[in-house]
Amino acid sequence: MKDEDIQAIQKLLSTPKKVVIIPHRSPDGDAMGSTLGLYHFLLKQNHEAIVITPNEFPDFLAWLPASEKVLIYEKDKENTAKIILDADLVFTLDFNAFHRTGDMEQVLKKITAPIIMIDHHQKPDDYAKYMFSDTKYGSTCEMLFHFIADLGAKSLLDKTIATCIYTGIVTDSGSFRFPSTTSTTHRVVADLIDIGIENGAIHNSLFDDSSYSRLQLLGQALQNMKILLDKKTSYITLSQKELDVNNYVKGDTEGIVNYGLSIKGVVFAAIFIEHREENIIKISFRSQGSFDVNQFAREHFNGGGHINAAGGKSHLSLKDTVAKFEEILAKTTIN
Ligand code: 5GP
Ligand code: MN
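Treat the numbers as computed from the prediction; the structure is a model and nothing was measured.

Further remarks concern the site of ligand 1. Around ligand 1 lies a shell of 14 residues, among which Arg100, His121, Ser284, Arg286 and His306 are the nearest. Ala310 places a main-chain nitrogen or oxygen 3.5 Å from an oxygen atom of ligand 1. Starting from 490 Å² of accessible surface for ligand 1 in isolation, the protein chains cover 83%. For the shell around ligand 1, the secondary-structure elements that each account for two or more residues are strand E10 (280-287), strand E11 (304-305) and strand E12 (309-314). For the shell around ligand 1, the element with the highest residue contribution is E12, accounting for 5 residues. Here the shell around ligand 1 is composed, by residue class, of 2 nonpolar, 8 polar and 4 charged.

What follows is the structure in structure tokens.
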């Protein structure tokens, strides 16, 4: 972040403010970790902070400190809109375009208070007064750590804030295996461990607290996996019926797409999940190496993300979405 922006933000934060912190819709570990990490940091400086998510966050993140304090826009639009528009300062974390918050976009467009964006996705929209936007970081949580350090406030980091930050780093880096994991990422984590986080316990809360039905759903997903080896591609489908039979709850499909990449010779993996209530097919794309799934998602499936991890959606049926995907693949070169 630019020095003059840091100075301006230091000045803004030098007196108590009403601050609203917003992640993207269907927030993941990085979105919840960064918003709650910032929340605890601001409380320590005597600000009045509130995290408002566009919709519900998944159960597997409900152990995060103060997650019970989070307000959910979709549950109480009138009240949360009022709080957002009444704020002195708004942070948007882990997204860079208002439409990533769904219909909360209508409220965000009316904000007159300064907005601070911290985000690591490509092509940021131009809505923030202060922007810390950089695709080289593997997670918004890692950026939050540097942001706090740049503010000269590293001494305020405590176990609670560090736990939130670690959560986003570990989830967005696929437990430190994605290429965006740098030596700096590990140095940041070393600091977090020195501050006192229980990294093993956090890992357990995130990944080893699964329900039996989630594993059954994973089994169904793996059964459904198709391989197109000439295209170095694999894809998985999950229908609404399959979700229902396996007692799906939000978060249960998190990470399943990555199994597709674990097959020898596969560098491009997709998962198509039917959400009948919203009438969309939610799609996740993952790749290894140079195949740019951000561009693929933007071009064909109304989405975006990063080079090796992106998402999108389709309003066609599950069957037609997959047919469209196969048609596009036939015309796409995958190295
Ligand atoms: P996931 O597949 O885990 O939902 O998302 C992977 C990455 O792509 C995340 O960084 C996420 O923010 C981004 N992403 C997912 N869905 C969309 C979308 O519809 N639009 C955009 N622009 N990015 C998305
Ligand atoms: Mn992220």
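Ordered by their spatial adjacency, 6 strands build an open sheet running E3-E2-E1-E4-E5-E6, and the pairing between neighbours is parallel. Edge positions in the open sheet fall to strand E3 (71-72) and strand E6 (130-133), since each of these has one partner strand only. Taken together, the 5 bridges between strand E1 (residues 18-23) and strand E4 (residues 89-93) define a ladder with parallel strand orientation. Across the sheet, residue Val20 finds its bridge partner in E4, namely Val90.

Attention now moves to the pattern of salt bridges. This model, assessed by the stated rule, comprises 10 salt bridges. We note a salt bridge from Lys44 to Asp158, for which the minimum N-O separation is 2.9 Å. Of the two residues, Lys44 sits in helix H2 (residues 29-44) while Asp158 sits in the loop between helix H5 (140-150) and helix H6 (159-172), which places them 114 residues apart along the sequence. Judged by its relative accessible area of 38%, Lys44 falls in the partly exposed class. Residue Lys154 is joined to Asp191 by a salt bridge in which the shortest nitrogen-to-oxygen separation is 3.1 Å. Linking Lys154 in the loop between H5 and H6 with Asp191 in helix H7 (residues 183-195), this pair joins segments that are 37 residues apart in sequence. On the basis of relative accessibility, which here comes to 40%, the residue Lys154 falls in the partly exposed class. Here Asp191 falls in the partly exposed class, since its relative accessible area comes to 25%. Taken together, the salt bridges that share partners define one network made up of Arg25, Glu74 and Glu278.

This part takes up the coordination of the manganese ion (ligand 2). Taken together, Asp30 (OD), Asp94 (OD), His120 (NE2) and Asp172 (OD) make up the full set of protein donors to the manganese ion (ligand 2), lying 2.2 to 2.4 Å away. In primary sequence terms, the donor set of the manganese ion (ligand 2) follows D-x63-D-x25-H-x51-D. You can see Asp94 sitting in the loop between E4 and helix H4 (105-108) and its partner Asp172 sitting in helix H6, a full 78 residues away along the chain.

Cut-offs and rules
Sequence positions are assigned chain by chain, starting from 1 and proceeding in written order. Whichever chain is written first is A, and whichever ligand is written first is 1; the rest continue in order. For this predicted model, a pLDDT threshold of at least 70 governs which residues receive local features, and a threshold of 80 or more governs which side-chain atom pairs are given and counted, while totals over whole chains, interfaces and linings are taken from all residues. Derived side-chain values reflect all non-hydrogen atoms in the structure, with water molecules and hydrogen atoms excluded from consideration. Working definition: residue near molecule or strand if any one of its non-hydrogen atoms lies within 4 Å of it. Whenever two N or O atoms come within 3.5 Å, that pair is a polar contact, provided that in protein one can donate a hydrogen and the other can accept it, and provided that, for residues adjacent in sequence, both atoms are side-chain atoms. Exposure was quantified through the Shrake-Rupley algorithm and a 1.4 Å probe, taking into account, for residues, occlusion by the shown protein chains and nothing else. Only DSSP runs of H or I with at least four residues qualify as helices, and only runs of E with at least two residues qualify as strands; both kinds are numbered from the N terminus onward. Here the term charged refers only to Asp, Glu, Lys and Arg, the term nonpolar to Ala, Val, Leu, Ile, Met, Phe, Trp, Tyr, Cys and Pro, and the term polar to all other amino acids, Gly among them. In this scheme, strands are said to pair when DSSP sees at least two bridges between them. Salt bridge, as used here, is a side-chain nitrogen of Lys or Arg placed within 4 Å of a carboxyl oxygen of Asp or Glu. Type-normalised accessible area, obtained with a 1.4 Å probe on protein chains alone, sets the label of each residue: buried when under 20%, exposed when over 50%, and partly exposed for intermediate values. For Na, K and Ca the donor cutoff is 3.2 Å, while for all other metals N, O and S atoms must lie within 2.8 Å; water is not among the atoms, so some sites may look incomplete.

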